Amino acid sequence: MKKFRFFAILLAMLLMLGAFGLLAACAEDPDPNPDGGDPNTPDTPSTGTEKTQYGDPAIFDEYLGYYTSEASVVQAEDGTRYVFYTSNETEYVQENVIAMRVGTRGSDGSYTYGDKQIVLRATAGGWDAYNLGAPDVVEGSFAYNGTTYNYLMAYQATSTANETAYSIGFAVAASLTGEWVKVGTEPVVEYDAAIYGNYVGYYSPSLIANTETNVRLFYTWADAYGHYTYFNDIDCTDMADLGVSGYAMLPSDGLTSNESAVPTQFANGDFAYDAATERLYVVKDVSPAAAARPYTATQIELAWIDVNELYTAAAGDGWQSLKVFTYTDTIGVYNGGGWERIYSPALVSATDGSVLSAETFDIVYTASDLASLNEYYVFSPSLHPLTYTVAASA
């Protein structure tokens, strides 16, 4: 998600350039404010100002002053889509919440989305007091405090106002529309800054159901060495006493990069699984991040790997890239240019985290104005669709 937006952290990481030699080209950006500044100025545009469209239209409209980013999109058996995303509750106030909209499919296959619902807020003084966001949702059976819930949400947040040391937490709900209940008062996967340094930490969670009561949690781990993707398997039989496995790093061989870092950096991935072919699919940011604000990715990539390669140290075939999407893939009917910032993509998946099809993939990505064109670009991100059909030989 996913995104991504950390200017304050970027500066800290750049200071490590001489020691580690790779962060200047690879800083990812998991927060809606890549400057770390205060955009909440009194001289804001009037209420109801439309966002400028440079490319493909958004999947739903939201006025400038409200950012919509870092989506998770699940599709129920009846075709209804549920979009969970990072947003803000008050116009031109950067204070993250997790929001949701329900999409109804029309006879032509297009979706009409309902009103915005706030489903999760930060806890003042808690581990998730700041920059809560980047939700991902999966279906299963999750017992917590005497109640069995049907849905699990993973999300990122931090207890620090300087946007470092992100960790991953859980919430549960009986239905996709909520009410969502946070699990415990501590993160499920906690970044330890005392050990790993005061860097971004763990962000952009993605969930796949292994069984009804066991999930695989993917996330980006960002420290002085770069941004790479890891996973834990988690036994959720009793949400009050989670069984969290050790972590494992995903290979990045075969993934696209526009920088010289080795291994290839692997950030903001959203995953889905195809049991029939034993393929794990991902849509992710392509490094490096842009050199001008907002400091996000400018390309995203769709790829797959044989899931058995996750369980061995032996070299395999690695990731097979299906498509790298650039701004030319986002040219719409407006100004004919396309989006220059495309990042934090999500695969539209079934509620258990499996692919809807191994031939056609629907993707929802975040796009944003450039700071050079809009001083309120922090409040400009919106969610946009892409569809990719796999060639017969892939």
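What you are looking at is a predicted structure, and each value in this text was computed from that prediction instead of being measured.

Looking at the overall build of the protein
(1) Moving on: When its secondary structure is counted, the protein shows 3 helices and 21 strands.
(2) Moving on: When the accessible surface of the protein is split by element, carbon and sulfur atoms take 48% of a total near 15,200 Å².

So, the sheet that holds strand 15 (residues 270–274)
(1) Moving on: Pairing is antiparallel across the open sheet formed by 4 strands, whose spatial order is 15-16-17-18. Strands with a single pairing partner mark the edges of an open sheet, and in this sheet they are strand 15 and strand 18 (320–325). Pairwise comparison of adjacent strand axes, ignoring direction, gives a mean angle of 15° for this sheet.
(2) Moving on: Relative to strand 16 (residues 279–285), strand 15 runs antiparallel, the two being bridged by 5 bridges. Among the inter-strand pairings, Tyr-273 is bridged to a residue of strand 16, identified as Leu-280.

Some thoughts on the confidence of the model for the protein
(1) Moving on: Here the protein shows a mean pLDDT of 89. Residues at 70 or above account for 88%.
(2) Moving on: Across residues 1–37, where pLDDT falls below 50, the model places 135 contacts with residues more than four positions away in sequence or in other chains.

Some words on the sheet that holds strand 8 (residues 167–173)
(1) Moving on: An order of 6-7-8-9 is seen for the 4 strands of this open sheet, with the pairing classed as antiparallel. Every interior strand has two partners, whereas the edge strands, strand 6 (130–144) and strand 9 (181–182), have only one.
(2) Moving on: In the sheet, strand 8 pairs with strand 9 via 2 bridges, with the strands oriented antiparallel. Paired with Ala-171 across the strands is Lys-182, a residue of strand 9.

As for the environment of Asn-214
(1) Moving on: By the element assignment, Asn-214 lies in strand 11 (residues 214–223).
(2) Moving on: Between the C-alpha atom of Asn-214 and that of Phe-142, which follows or precedes it by 72 residues, the distance is 9.0 Å.
(3) Moving on: A polar atom in the side chain of Asn-214 sits 2.8 Å from the side chain of Asn-210.

Quick word on the packing of aromatic side chains
(1) Moving on: Inspection of the entire model under this criterion finds 23 aromatic pairs.
(2) Moving on: Consider the rings of Phe-218 and Phe-271, whose centres lie 4.1 Å apart with planes at 15°: the pair is stacked. Here Phe-271 lies in strand 15 and Phe-218 lies in strand 11, a separation of 53 residues in the sequence. Pair check on accessibility: Phe-218 and Phe-271 agree, each one buried.
(3) Moving on: Seen in terms of ring centroids, Phe-325 and Tyr-388 are 6.2 Å apart; in terms of plane orientation they differ by 90°. Their pairing is edge-to-face. With Phe-325 in strand 18 and Tyr-388 in strand 21 (residues 382–389), this residue pair connects regions lying 63 residues apart in the sequence.

Considering the nonpolar core
(1) Moving on: Leu-152, Phe-170 and Met-239 are the most contacted members of the largest nonpolar core, which totals 27 residues.
(2) Moving on: When contributions to this core are tallied by element, the ones reaching two or more residues are strand 6, strand 7 (147–158), strand 8, strand 10 (201–211), strand 11 and strand 12 (226–235).
(3) Moving on: Considering every element that reaches this core, the biggest residue donor is strand 11, with 4 residues.

Rules behind the numbers
- Residues numbered from 1 in each chain as written.
- Predicted model: local features only at pLDDT ≥ 70, side-chain atom pairs only at ≥ 80, totals over all residues.
- Heavy atoms only, no water.
- Helix = DSSP H or I, 4+ residues; strand = E, 2+ residues; numbered from the N terminus.
- Areas by Shrake-Rupley, 256 points an atom, 1.4 Å probe, with all protein chains shown as cover.
- Pairing = 2+ DSSP bridges.
- Axes fitted to C-alpha atoms, helices over the stretch in contact; angles between N-to-C directions.
- pLDDT = per-residue confidence, 0-100.
- Contact = heavy atoms within 4.5 Å.
- Polar contact = N/O pair within 3.5 Å; in protein donor to acceptor, adjacent residues only side chain to side chain.
- Phe/Tyr/Trp six-rings, centres within 6.5 Å; stacked < 30°, edge-to-face > 60°.
- Buried < 20%, exposed > 50% of the residue type's maximum accessible area, 1.4 Å probe, protein only.
- Core = buried A, V, L, I, M, F, W, Y, C linked by side-chain atoms within 4.5 Å.

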